[in-house]
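Take a look at the letters that make up each chain.
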Amino acid sequence: MSSPRTLGELRRSSFSEEKLRTRRVKDELRENLMVRLRQRAPIFPGIVGYEDTVVPQIVNAILSRHHFILLGLRGQAKSRILRSLTLLLDPQLPYIAGCEIHDNPYAPICRHCRDLIEKCGDSTAIAYLTPEDRYVEKLATPDVTIADLIGDIDPIKAARGGHELSSELTVHYGLLPRANRCIFAVNELPDLAGKIQVGLFNIMQEGDVQIKGYPVRLPLDVALVFTANPEDYTARGKIISPLKDRIGSEVRTHYPATVDEGIAITTQEAWALRNGNKLVIPKYVREVIERIAFAAREDKKIDKRSGVSQRLPISCMENVISNAERRAIRHDEKVVVPRVGDVYAALPAITGKLELEYEGEMKGADHVGRELIRSAIAKTYDQYFSGANMQQVIQWFDLGGEIQLAEGAAAAEVLQSLRSIQGLMDKLTRVNVGPKDNSEAQVSAAEFVLEGLHAHKRIGRNEERVFTAGEKQPRIAEKPFDREEGPYRPRRPLN
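Counting restarts for each chain: residues are numbered from 1 in the order of the written sequence. pLDDT decides what is reported in this predicted model: residues at 70 or higher carry local features, side-chain atom pairs at 80 or more are listed and counted, and totals for whole chains, interfaces and linings draw on all residues regardless. Each side-chain value is worked out from all heavy atoms of the structure, with water and hydrogens disregarded.

K.L.:
What is the right way to look at the overall build of the protein chain in this model?
P.N.:
On a plain count of helices and strands, the protein chain comes out with 23 helices and 16 strands. Atoms counted for the radius of gyration: C-alpha only. Globule rule: 2.2 Å times residue count to the power 0.38. Over its C-alpha trace the protein chain gives a radius of gyration of 32 Å, far above what one expects of a compact globule, namely 23 Å for 495 residues. C-alpha atoms of the protein chain, sized along the principal axes, occupy 110 × 80 × 45 Å. Relative accessibility decides the category of a residue: with a 1.4 Å probe and only protein chains considered, values under 20% of the type maximum give buried, values over 50% give exposed, and everything between is partly exposed. Counting over 495 residues, the protein chain shows a buried share of 51%. By definition, residues are in contact when any of their heavy atoms lie within 4.5 Å. In the protein chain, the proportion of contacts linking residues at least 24 apart, taken out of those at least 6 apart, comes to 75%. Positive residues here are Lys and Arg, negative ones are Asp and Glu, while His and the chain termini are left out of the count. To locate a charge, take atom NZ for lysine, CZ for arginine, CG for aspartate or CD for glutamate. Side-chain charges of the protein chain comprise 70 positive and 68 negative groups, with the mean position of each set lying 2 Å from the other. Per the convention used, a helix needs a DSSP run of H or I reaching at least four residues, while a strand needs a run of E reaching at least two, with both numbered from the N terminus.

Here is the structure:
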């Protein structure tokens, strides 16, 4: 059935006056959320790791009809959650066609719409908003003005329409009035100047805005949501106390609590569907990439106040895949299998996302990044090879063996060299790789073993990726017991 196109048709449809006249955005969000809860449908599809922490708090805020703010460090899906709120809006919302502020046909608030309905009556034209049209987002910057946010006098509109400046019809509406009957999101709220934050007071408490010196107040229907980095309160600005007091709920976001949650997010977000050869990413490679971010969040050389974004493993994964893809194209390999060595090639995707402390700055971002990769390899290696006897492999290197695993070397060539290392290929079953698997998978698994041994300093490796025997710790020779000196320290003589 076609949607009603006039006010008269609208009155006789499911969009009745009884249903829409007093139904506000927060009521709409609440009702549609309750339907999802009854159906046990996911509230925010694609958001991983927040099911038992963040999502219940947001649900409570919506059920309470609160304006709310998401506080969290960068890369914690704050903006994505806010944009997902459109899933809780109706598929269609009727408004008076041509209205700048999407007026409710049954309760118009602007002068133009009231005059139009008085003139046209039931033949007044009706248009519709989709959920995407009803999400308005503003990135807070210090140069935002009250005119941008609320509105201002428009002398040109007054001149063209022949109106006096005191008329409501001369008002140019800002972002907030244009978000009437919508969700209005402000990203990075502390960056908004204090005097501009004051402009939000009325809309949050009394539900109206005042434009310039006009004696007109617009009772807007807006659901306000915000994001902020808690550490930015002092670094770039702050949320003024009266505004914080008017925000109903403050929800704290966080980074993934487990490596598996991080892998799920990275798998979902990273661009891996390349239009080239078949791609197979070993699980241990995924774990190494994810553990880099976990290690960085605990490292003292990295600024914890700034955080380590989840974008780090996502960008790193994409670079790792690209490096493996480049190798496969060059050697005409049919399967793209990333290796642990490709993670070192993805260093540019890591260093730019780390805010270093003084100690880290002294050592340099590249050095810190390599340490993080080595730590991640060591922890992942322990997950698969804890308790495994690698003495035969280590002994091969101790007896003078060495092998070069160049980043761009073909898998078929490298595999022949790897098979000469006694006991190495037998250990690959721990990562579900056997002699019947393709050469790319075998080389990737074998390199992971060697990189793990190097990370634990049991074998050595230089910058040219030549694996050799590890440096032996010098033994401290025990000093022979001298009977003349005595086994104990002599007593100090008295003065």
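K.L.:
Looking at this structure, I do not really get the pattern of salt bridges. What am I missing?
P.N.:
When their charged atoms lie close together, side chains carrying opposite charge are able to pair. When a carboxyl oxygen of Asp or Glu is within 4 Å of a side-chain nitrogen of Lys or Arg, the pair counts as a salt bridge. With the rule as written, the count across this model stands at 24 salt bridges. Here Arg134 ties to Glu28 by a salt bridge, and the two come within 2.7 Å at their closest N and O atoms. Residue Arg134 is located in the loop between β3 (126-129) and β4 (135-139), and its partner Glu28 is located in helix α3 (residues 25-39); the two are separated by 106 residues in the primary sequence. As far as the burial class goes, Arg134 and Glu28 line up, both buried. A salt bridge links Arg111 to Asp115, with the nearest nitrogen and oxygen atoms 3.4 Å apart. One end of the pair, Arg111, and the other, Asp115, are both in helix α6 (residues 111-120), 4 residues apart, so they sit about a helical turn from each other. Counted as one network, the salt bridges with shared partners bring together Arg11, Glu17, Arg21 and Asp122.

K.L.:
Explain the environment of Ser417 to me, please; I cannot follow it from the model alone.
P.N.:
Along the chain, Ser417 turns up in helix α22 (residues 411-418). Taking the relative accessible area as the measure of exposure, Ser417 reaches 35% and is therefore partly exposed. A sequence separation of 265 residues divides Ser417 from Asp152, and the C-alpha atoms of the two residues are 75 Å apart.

K.L.:
Looking at this structure, I do not really get the side chain of Lys427. What am I missing?
P.N.:
As for its placement among the helices and strands, Lys427 is situated in the loop between α22 and α23 (439-455). Asp426 is the oppositely charged side chain nearest to the buried, salt-bridge-free Lys427, at an N-O distance of 5.9 Å.

K.L.:
Looking at this model, I keep getting lost on the side chain of Thr86. Mind explaining?
P.N.:
Checked against the element boundaries, Thr86 lands in the loop between α5 (78-84) and β2 (93-96). Those residues within four positions of Thr86 in sequence are excluded, and the remaining contacts are Pro131, Tyr135 and Ile183.

K.L.:
Whenever I open this one, the confidence of the model for the protein chain confuses me. Can you help?
P.N.:
Detailed reading of predicted coordinates is not advised where the pLDDT is low. Residues with a pLDDT of 70 or more make up 90% of the protein chain, whose mean pLDDT is 89. Of all helices and strands in the protein chain, the one with the weakest mean pLDDT is helix α12 (residues 232-235) (51), whereas helix α4 (residues 54-63) scores best (97). Values of pLDDT, ranging from 0 to 100, describe the predictor's confidence in every residue of the model.

K.L.:
Any chance you could explain the pairing of β2 here in plain terms?
P.N.:
The two faces of a sheet get side chains in turn, since along a regular strand they alternate between them. The alternating pattern of β2 places Leu93 and Tyr95 on one face and Pro94 and Ile96 on the opposite face, and all of these are buried. Being paired, for any two strands, means DSSP has found at least two bridges between them. As defined by bridge partners, β2 adjoins β3 across 4 bridges and the pair is classed as antiparallel. Paired with Pro94 across the bridge in β3 is Tyr128.

K.L.:
Would you take a moment to explain the packing of α22 against α23 for this structure?
P.N.:
Two numbers describe how α22 lies on α23: the axes approach to 9 Å, and their chain directions differ by 50°. The angle between α22 and α23 falls in the class oblique. At the point where α22 passes α23, the crossing takes the left-handed sense. Contacts from Ala411, Ala412, Val414, Leu415 and Leu418 in α22 reach Ser439, Glu440, Gln442, Val443, Ala446 and Leu450 in α23. Of the residues that constitute the contact of α22 with α23, the class distribution is 8 nonpolar, 2 polar and 1 charged. Every axis corresponds to a line fitted to the C-alpha atoms, with the helix fit spanning only the stretch in contact, and the corresponding angles, defined between N-to-C directions, vary from 0 to 180 degrees. Our angle categories are set so that under 35 degrees counts as roughly parallel, over 145 as roughly antiparallel, 65 to 115 as roughly perpendicular, and the remainder as oblique. Crossing chirality is assigned from the near helix's rotation relative to the far helix, an anticlockwise turn below a right angle marking it left-handed and a clockwise turn marking it right-handed. The classification used treats Ala, Val, Leu, Ile, Met, Phe, Trp, Tyr, Cys and Pro as nonpolar, Asp, Glu, Lys and Arg as charged, and all other residues, Gly among them, as polar.

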